Amino acid sequence: MGLLQGTVTLRRFLALGSRPDEKTLCDGLVQNRFRPFEDGEEEERFGWVDWRNPLISPPDPNCISQGHFSIFALRIDTRKVPPILLKAHTELRIQNLMKEKDLAFVGREARVFLQEEVKAELLRKVLPTPRVVEIAWDIKGGIVWTTAANSKSQSHLTYLMKNAFGVELQPLAPLLLAGSLAPNIPVGDLTALEPFDLSLEDA
């Protein structure tokens, strides 16, 4: 896991809401666990998995607690049919239908139906591309550390944290961090602060 070893890029979020106890945490991980694709046209799936292995879902409750952190992962699977293949297979299906039914042309609605039918068939053959986002949640401190670097993974993480635990995630900007470390200082005083110039003037 990148959070525990090696080099990693992290994002920090402030977790706003009630702190879940161990049972609430485990229940949320189970209810929102990752579930593999089923038949149909679904192109994306996401849910909680074990931080040690994305095939373990839901996370093993015995391995979530690591020191004062609760550690688990978000798995995001996507599958997509390349447009050029979808078009080629659809055109082939239309040509075969025209020969079989002795048709001069196929209308727009029928073409759309055939394209969706072909897409569903091809999606069942496409291997999903998995992505794993790691989460280390300091529940007592109210800080979430994560490898969710792009907007899509952050959006999924924000949704699941709210849905599973009733917690809102807010990016931990410097002003928020300063406010959490010095809660007695008014916000106006914090915003009025100016950067301290450490540069040395030439003698």
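Let me sum up the structure you'll find in this document. (Residues numbered from 1 in each chain as written. Predicted model: local features only at pLDDT ≥ 70, side-chain atom pairs only at ≥ 80, totals over all residues. Heavy atoms only, no water.)

**Digging into the overall build of the chain**
1) Next: Of the regular secondary structure elements, the chain holds 6 helices and 7 strands.
2) Next: Relative to its full complement of 203 residues, the chain shows a buried share of 33%.
3) Next: Sequence-distant contacts in the chain: of pairs separated by 6 or more residues, those separated by 24 or more amount to 70%.
4) Next: Accessible area for the chain stands at about 13,300 Å²; split by element, carbon and sulfur atoms hold 55% of it. (Helix = DSSP H or I, 4+ residues; strand = E, 2+ residues; numbered from the N terminus. Buried < 20%, exposed > 50% of the residue type's maximum accessible area, 1.4 Å probe, protein only. Contact = heavy atoms within 4.5 Å. Areas by Shrake-Rupley, 256 points an atom, 1.4 Å probe, with all protein chains shown as cover.)

**Here's the deal with the environment of W145**
1) Next: The topology assignment puts W145 in strand β6 (residues 143-146).
2) Next: Residues W145 and I135, spaced 10 residues apart in sequence, show a C-alpha to C-alpha distance of 5.8 Å.

**Here's the deal with the environment of P59**
1) Next: Mapped onto the secondary structure, P59 falls in the loop between β2 (44-49) and β3 (65-66).
2) Next: Using a relative accessible area of 8% as the deciding quantity, one classes P59 as buried.
3) Next: For the pair P59 and V49, spaced 10 residues apart in sequence, the C-alpha separation works out to 5.0 Å.
4) Next: Residue contacts for P59: discarding those within four places in its chain leaves L29, W48, V49, D50, I64 and F72.

**Side note on the pattern of salt bridges**
1) Next: Scanning the model with the defined rule gives 11 salt bridges in all.
2) Next: A salt bridge links E42 to R45, with the nearest nitrogen and oxygen atoms 2.9 Å apart.
3) Next: Of the residues examined, E42 reaches a relative accessible area of 34% and is grouped as partly exposed.
4) Next: Taking the shortest distance from any N to any O, the salt bridge between R75 and D77 comes out at 2.8 Å. Each member of the pair, R75 as well as D77, is classed as buried.
5) Next: Several salt bridges share partner residues, and in doing so they unite D50, R52 and D60 into one network. (Salt bridge = Lys/Arg side-chain N within 4 Å of Asp/Glu carboxyl O.)

**Structural notes on helix α1 (residues 22-31)**
Two residues of an α-helix separated by three or four positions point the same way, owing to the 3.6 residues in each turn.
1) Next: Taken as a whole, α1 has its buried residues at L25, C26, G28 and L29. In a view along the axis of α1, the buried residues occupy a sector of 160°, so they form one face of it. Exposed and facing more than 90 degrees away from the buried side of α1 are K23 and Q31.
2) Next: Elements that come into contact with the buried residues of α1 comprise β2, β4 (69-78), β5 (129-138) and α4 (151-165). (Arc of directions from axis to C-beta.)

**Describing the nonpolar core**
1) Next: Among the nonpolar cores identified, the biggest contains 23 residues, and W48, F72, W137, M161 and F165 are the most heavily contacted of them.
2) Next: Tallying contributions element by element places α4 first for this core, with 5 residues.
3) Next: Leave out the neighbours within four places in its chain, and F165 touches T24, L25, G28, L29, W48, F72, W137 and L160.
4) Next: With 5 residues, the next largest nonpolar core counts V81, V118, L122 and L123 among its residues. (Core = buried A, V, L, I, M, F, W, Y, C linked by side-chain atoms within 4.5 Å.)

**Considering the side chain of R45**
1) Next: If you trace the backbone, R45 turns up in strand β2.
2) Next: Here R45 falls in the buried class, since its relative accessible area comes to 16%.
3) Next: At a separation of 2.9 Å, a polar atom in the side chain of R45 contacts the side chain of E42. (Polar contact = N/O pair within 3.5 Å; in protein donor to acceptor, adjacent residues only side chain to side chain.)

**Brief notes about the packing of aromatic side chains**
1) Next: Evaluated as defined, the whole model comprises 5 aromatic pairs.
2) Next: Taking 5.0 Å as the distance between ring centres and 85° as the angle between the ring planes, the aromatic pair formed by W48 and F72 counts as edge-to-face. Separated by 24 residues along the polypeptide, W48 in strand β2 and F72 in strand β4 bring together distant segments of the chain.
3) Next: Owing to a relative accessible area of 0%, W48 belongs among the buried residues under this scheme. (Phe/Tyr/Trp six-rings, centres within 6.5 Å; stacked < 30°, edge-to-face > 60°.)

**Quick look at helix α3 (residues 108-123)**
1) Next: When the terminal C-alpha atoms of α3 are compared, their 22 Å separation across 16 residues agrees well with the 22 Å that a helix rising 1.5 Å per residue should span.
2) Next: Buried residues belonging to α3 abut α2 (83-101). (Expected span 1.5 Å × (residues − 1).)

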